[in-house]
Structures are given as C-alpha cells and as structure tokens.
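What follows is the residue order along each chain.
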2 protein chains.
Amino acid sequence: MLNEYNVGVLGATGAVGQEMLNCLVERGFPFKTVKALASERSAGTKIDFDGGEIVVERVGPDSFKGLDLAIFSAGAKASAEYAPIAAKSGCPVIDNSSNWRMDPRVPLIIPEVNPGALKRHKGIIANPNCSTIQMLVALKPIYDAVGIKRIVVATYQSVSGSGYKGIEELADQSRNLLSGQDAVNSVYPHRVAFNCLPHIDVFLDNGYTKEEMKMANETVKIFDDQNVKVSATCVRVPVFFGHSEAIWIETGRPISPDAARELLNRAPGILVVDDPKANRYPLASESVSRDEVFVGRLRADPSCENGLAMWVVADNVRKGAATNAVEIAELMIRDPQLMKTDWTD
Amino acid sequence: MLNEYNVGVLGATGAVGQEMLNCLVERGFPFKTVKALASERSAGTKIDFDGGEIVVERVGPDSFKGLDLAIFSAGAKASAEYAPIAAKSGCPVIDNSSNWRMDPRVPLIIPEVNPGALKRHKGIIANPNCSTIQMLVALKPIYDAVGIKRIVVATYQSVSGSGYKGIEELADQSRNLLSGQDAVNSVYPHRVAFNCLPHIDVFLDNGYTKEEMKMANETVKIFDDQNVKVSATCVRVPVFFGHSEAIWIETGRPISPDAARELLNRAPGILVVDDPKANRYPLASESVSRDEVFVGRLRADPSCENGLAMWVVADNVRKGAATNAVEIAELMIRDPQLMKTDWTD
C-alpha cells in the first residue's frame, strides 16, 4: 500500500494520543504525513514520532485542510467543536470521546464486532468507551452463535483511563502512603491508592454513573439490538494499565463453556488464557502494550438458565482506545467510499 | 456482667487473632483470663493485650482445660485437630477457618442473620468466610422482606485476607515497582501490586475457586434456603484492608431501591452510605477498624425482573472475621445452655 495519507492526531500529547501515534507506526499505517494537534497549552511541544520528532501544532478551524483522516482523543468539548469542522472540510474523523457516540448520524465501531456500520458514516465515526470495547470483542462470537439477552458486568478499571494525571495521582499517593505520609487527591474524589472507587464519570438520576450507562447504551447501539439488557458497576482500582471485567451473560440458547471457549479461540482480536489450575487467566499486568482482548475463567453460571461467567482483560489505552481507532482507520482506507464525508449540522 | 470467662484465642499472633484480642477488650467482653495460643513457631512471643503483655503458649491437647470458650483463627489444619479436643473437654470453639463450616453438626453463624441456629451447636461453631459475612449482613433485611432468588457478586478483596504475609507482599511489591525494581511474588501466584488476580483459594473442577463456592454454599446454609442461587467471581485487589463487593440480586417480590434503603437503615450492623452525587458511597479506606457493614449505590437493575444492585464494603479482618467471632461469643454467654458442649467424633 502506498504511503499516501495525511493523518491528523488531535490530543497528541495525551496518554491515548501518544499511543495513537505509536499505533500508526507499529501497525505500519500508510501515512505520508502526520500532523500532531493539541490545545494552546501543549502547542509547540516536541514529541517523539517514528524515530524523529514532530512539533505539536495548536488546533484551529484551518487545521484539517489537506488532511485525509483525523483521529481525535482530546475530550468531548474539543470533539464537539472540531469534528464537524474537519468533516465538513472533507477530513473524516475517528473520535475517541463520548461526545458523538450516541448521535444517530455517527456509527459507533469496533472492527471485530460491527465493521459494516461504518458504511453509514457522514464524516464522524465514534470509538466506543474502553470498557465497552473489550467486553463486546469478547462477547461477539457468543452473541452471533446463541444470542445474548442480559449482561451483568463489574469492572476493575485502571487509572490510565483518566490519562497521565490519573497515573501520576496513583503513583504519588502510593509513594506517600508507603512512606507514612498523607495521600492528597485532586483527580479522583477520594484516595485511589490501596482503595476501590465505585465511581467513574458523573452520577445520573437513576443511580448509575455515566460510565455504567455508556456500557449499557453503547452495547445496544453496537449490537444494534434493543433487547440486550446490561447492568454495570464500574470501579476504579489502583492499577496503572489494563482494565479487568467480571462478566455474567444469559444467552438466548444454551452453550457450554467448552463450546464458547472454542468460538473465542477462533475469533479475531481475542486471546483465550484459560487454564486456571495452572494459574493461567487474564491479568492486567500481562495485557500492557498488547492489542488483544484476553478472555479466561470461562465457566457455567448455574444461578440462571443459560448462564455463562468469564473474566476479560485488555490494555484500555491500546485496544480500549488507540488501537481500536487505528483499526477503524485501516478499515476505511481499504474502501475509497469510506474516506468521503457528507456532514451537515 | 461479671468478668467470669476464661477465654482462649488460638492463632493469637496472626492478623485475625490479633484483632480478636483487640475486639475482646474494645467490646468489653467479660473475660477473667485470656490465654493466647499458637503453634510452636510463635510460642513464647510476647504480645500486647489490654494495656499489658501476655506470653503466647504453644497449643497442645491440654490447652483447653479450664477454658470456658475458645476462638480459633489458625487455619483449617489446626482447627481440624484442636476444635474437637476443645469441645470434648467442655470448651466450645468459635472457629474462623473453613474446616467445619459445611459440617452438618456445626452451625455457621452471623449474629445479625441467623442467631437462632446457634442452639443446634454441639461444641463447634463456625464463623463464615469474610466475603460471605458482609454480603449476607447487607442482604438479610431484603431477604426477610421480599425473598432473594439469585445473587451475582464480584469481589474486590484486600490482601489482609491472606494475613500479615499478604500485607507485606503488597507493600514490598509496591515499593519495588515504584522505584523501578522487580516485584517478587511468593504469597500470590502473580504480582498483586497494581494488578487484579481473579484467583482466591484453589480452583475446582467446575471452574470456580473454593472461595467462590464458599460464598454460594455458605449462603445456602446460613439462609437455610436451598433455592437461593449464587454465582461469584472473587478477585484479589491491591488494597491492604477492607473488602468491597459489587452485588446484584433478583428478589422474590418487587422492592424499590428506596424501600430497600429504608430497611437497611433500620437493620443492625449496617451503615448506609448512599449519596453518590455528593461522592458518598462505601469505601474500603473508610471501613478500616470499623465493625459495620457499609452499603451504598443501591439502585434498580432494569436488566431483569425485580433486580437490585448495590456496593457493599466491610473491614474483612474485623466484621469479616474477628468481630463476627466475638459477637458470636457475646450471644453465647447470654444463655448458659449455649456454653455447653456435646461433641462426639
């Protein structure tokens, strides 16, 4: 493939943005140029890229002229402002924020799960929430085989989901507590070191957090199935990288754990690690910098009809964000139709 | 009440044993003497007790003569050997190990949940698993009001559940990793610092761990209800003290979160902390050295009929072990009949 694409990365200095730049290089994405964009605060910063250095440019209304494709990870506000500007100037945007995910004009894509929905895009494509991505990659083969009626999920989410500032807060607090000093918190509402916070994103009137409702609503949109019900409890844990999830599903028709394991073994993007008696199961520590979704502890759930339980882990910054976005870009450049935009406000 | 009881504590040098000694003093248990017992390894150690010091004695067949009551937290093997000896010599035993819990001759007691079952004891009374205790204290008021058909639970269990050695391993590994050194593991099969291990106790043929099946089997025994189904995923997290649990239940009849909250507010042993928009919910960090079970994040689970979700936290070494055992002892001394033993092998 010719290196012919001029690619923009908005939010290039953030934890996910940095990993997006890494992914473009590591995965051999055929870029001609890469333009690193960020807010005024980070403009002028030099960052390592592809063996050299690039200077981060301040994003503005004219930033997307001449770009063939842009990947955003700069938060909901920047996405709301700049994604339509880019799309209208002919540059399709793959956006990692939550801003556009539930917009009916915007497909919400996991390449292993619903690549076909890409066809409906008008210039903005949304990357799902990190916790949703790894869950649905793991569940898709089972969904296709026997259907899924209900999902119950408890998450164990790492602080890298909050970017560099989350990583720093966990490191600082851990160091302080281990040396007998007080832990100061600014990123999280309570101490995260040596603690578990059942609070990610803001609380809604129904008692769930926005993060928990993202897992429910995004699942319905991605599976394009109003009948799949999800109840999530999302928890921040003192882990730097890698989200873990305890998942229970109720399938439409019966499936044995062995049959499910066999399906997952053959599915794209999944690595089954499931030999518990040999102490082999997915671990956040072993997911770091990996692009696969790790699935293990597959077992029957005898507490309901057609129940299955499992443990799913992925690097939230990679497959949960950067890798998934670059994989969407890889799908798009294979089909010139998908590189066109048709956005109107 | 007269201070008339000669009390033995087996496993007095362990994390739970130490807390049992603290609880006896803090709660004003009317002991006349307290004999600290342990294996040969710890015999001779001097430990602080009630403003003074006591010397740990090596446990042996004659250790229980003259004792009115013994509390054990020395592991399954020591319990298997010494509990019958104590009971046969007229000293009832409250045992914190898993050894006797499912024995039909042995009642499994949570004072807030099934105090009446104490009447059936023959000399050995079992303290449930830490994760079971806090779950059932939280669920009992709802169970009594509307019944519970199914429980799904994901745990976030602290390393103090493995005793002092677990605490040391987490501290050592955390310090090493934060200073760029390797983490060495000996207590857990993988690094626990900045990681989540879906592995507590050994794996069984059905794919669940023993810890997970304890939560299922002990619930059936304590509620004395063969129809309550439980599926658990038990996870060790890098927290020193306090177990957290994400729990979903399906009740027999409908109950609103508000009605459930009201029931819990009036129930013994429970502190409802449930004002999420003000960042108030149960936290492991706030459960330390507390005897209450903290319940919050009560909300409807719309993914099933009559579903309720919640977040339950307790100090696993206190209410999950030491406090519960001492509370059982408090019930027993109120009724002279309960101080009698009638054990035959």
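The structure presented is a predicted model; accordingly, all values stated were derived computationally and were not measured. Per chain, residue numbering runs from 1 following the sequence as it is written. Chain A is the first chain written and ligand 1 is the first ligand written, with later ones labelled in order. Totals for whole chains, interfaces and linings use every residue, but because this is a predicted model, local features are given only for residues with pLDDT of at least 70 and side-chain atom pairs only at 80 or more, for both listing and counting.

**So, the interface of chain A and chain B**
Note that contacts rest on C-beta atoms placed from the backbone: two residues are in contact if these are within 7 Å. Across the boundary between the two partners, chain A contributes 49 residues, which contact 50 residues of chain B. Counted by class, the side of chain A that touches chain B contains 28 nonpolar, 13 polar and eight charged residues. Note on residue classes: Ala, Val, Leu, Ile, Met, Phe, Trp, Tyr, Cys and Pro are nonpolar, Asp, Glu, Lys and Arg are charged, and everything else, Gly too, is polar.

**Quick notes on the sheet that holds strand S14 (residues 307-314) of chain A**
Residues and elements named next belong to chain A. If you walk across this open sheet you meet the six strands as S10-S9-S11-S14-S13-S12, and the pairing is mixed. A strand with exactly one partner marks an edge of an open sheet, and here the two such strands are strand S10 (229-233) and strand S12 (270-272). Strand-to-strand, the axes of this sheet are offset by a mean angle of 25°, without reference to chain direction. With five bridges joining them, strand S9 (residues 148-156) and S10 adopt parallel strand pairing. Residue pairing in the sheet places Val153 in a bridge with Ala232 of S10. Axis geometry follows a simple rule: fit a line to the C-alpha atoms, using only the stretch in contact for helices, then measure angles between N-to-C directions, giving values from 0 to 180 degrees. The way it works is that DSSP assigns letters per residue, a run of H or I at least four long becomes a helix, a run of E at least two long becomes a strand, and they are numbered from the N terminus. Running at roughly 160° to S10, helix H5 (residues 210-223) makes contact with S9 and S10 of the sheet. When DSSP locates at least two bridges between a pair of strands, those strands are taken to pair.

**Considering the packing of helix H3 (residues 130-146) of chain B against helix H8 (residues 318-333) of chain B**
Each pair of packed helices can be described by the angle between their axes along with the distance between the axes. Residue and element names in this part refer to chain B. Contact pair H3 / H8: the axes reach a minimum separation of 8 Å and the direction vectors enclose 85°. In terms of orientation, H3 lies roughly perpendicular with respect to H8. Residue-level inspection shows Cys130, Ile133 and Gln134 of H3 in contact with H8, the latter providing Lys319, Gly320, Ala321 and Asn324. Partitioned by chemical class, the residues of the contact of H3 with H8 number three nonpolar, three polar and one charged. When describing relative orientation, an angle under 35 degrees is termed roughly parallel and one over 145 degrees roughly antiparallel, while 65 to 115 degrees is termed roughly perpendicular and anything else oblique.

**Considering the domain arrangement of chain A**
Residue and element names in this part refer to chain A. In terms of domains, chain A is made up of domain 1 (5-128 + 321-339) and domain 2 (131-317). Between the C-alpha centres of domain 1 and domain 2 the distance comes to 25 Å. The interface of domain 1 with domain 2 comprises 17 residues on the first partner and 18 residues on the second. Within the residue set of the side of domain 1 that touches domain 2, elements represented by two or more residues are helix H1 (15-26) and helix H8 (318-333). If you tally residues by element for the side of domain 1 that touches domain 2, the top one is H8, at four residues. Grouping the constituent residues of the side of domain 1 that touches domain 2 by class yields nine nonpolar, five polar and three charged. Domain start and end points were adopted from an automatic or database domain assignment.

**Some details on the sheet that holds strand S2 (residues 31-38) of chain A**
Residue and element names in this part refer to chain A. The strand order across the open sheet formed by six strands is S5-S2-S1-S6-S7-S8, and the pairing between neighbours is parallel. Each having just a single partner strand, strand S5 (57-58) and strand S8 (124-126) make up the two edges of the open sheet. Bridge count between strand S7 (residues 93-95) and S8: three bridges; the pairing is parallel. Its bridge partner being in S8, Val93 is matched across the sheet by Ile124. In the packing of H1 onto the sheet, contacts are made with strand S1 (5-10), S2 and strand S6 (69-72), and the angle to S1 comes to roughly 160°. Strands S1, S6, S7 and S8 of the sheet are contacted by helix H2 (residues 75-88), whose axis makes an angle of about 160° with S7.

**Comments concerning the relation of the copies chain A and chain B**
Overlay of chain A on chain B (RMSD 0.0 Å): rotation 180°, translation along the axis 0.0 Å. These values place the two chain copies in the arrangement generated by a two-fold rotation axis. The residues that chain A uses at the interface reappear at the interface of chain B in 100% of cases, marking a shared surface. Each copy is superposed on the other by least squares, with the fit set by C-alpha atoms of residues at a pLDDT of at least 70 in both.

**Some details on helix H5 (residues 210-223) of chain B**
Residue and element names in this part refer to chain B. Under the convention used throughout, the expected extent of a helix is 1.5 Å for every residue step, that is, one less than its residue count. Over its 14 residues, H5 extends 19 Å from the first C-alpha to the last, a length consistent with the 20 Å expected when each residue adds 1.5 Å. Counting other C-beta atoms within 10 Å of each residue's C-beta, where C-beta atoms are placed from the backbone, gives the exposure class: buried for 20 or more, exposed for 12 or fewer, partly exposed between. Every buried residue of H5 is accounted for by Glu211, Glu212, Lys214, Met215, Glu218, Thr219, Lys221 and Ile222. Of the surrounding elements, those touching the buried residues of H5 are H3, strand S9 (148-156) and strand S10 (229-233). Residue Asp224 follows H5 closely and has a positive phi angle near 50°.

**Topic: the pairing of strand S6 (residues 69-72) of chain B**
Residue and element names in this part refer to chain B. Residues Leu69 and Ile71 point to one face of S6 and Ala70 and Phe72 to the other, with burial holding for every one of them. By the bridge criterion, four bridges tie strand S1 (residues 5-10) to S6 in an arrangement that is parallel. Bridge pairing in S6 places Val9 opposite Ile71. As paired strands, S6 and strand S7 (residues 93-95) are joined by three bridges and run parallel to one another. Looking at S7, one finds that Phe72 is bridged to Asp95. What joins S6 to S7 is helix H2 (residues 76-88), and the crossover it makes is right-handed. By definition, the crossover connecting two strands over a helix is right-handed if that path, from the first strand to the second, turns clockwise as seen with the strands pointing away from the viewer.

**Overview of the pairing of S1 of chain B**
All names here are of chain B. Most of S1 sits out of view: five of its six residues are buried. Relative to strand S2 (residues 31-38), S1 runs parallel, the two being bridged by six bridges. Bridging from a neighbouring strand, Val7 pairs with Val34 of S2. In this view, the connection linking S1 to its parallel neighbour S2 by way of helix H1 (residues 15-26) has right-handed handedness.

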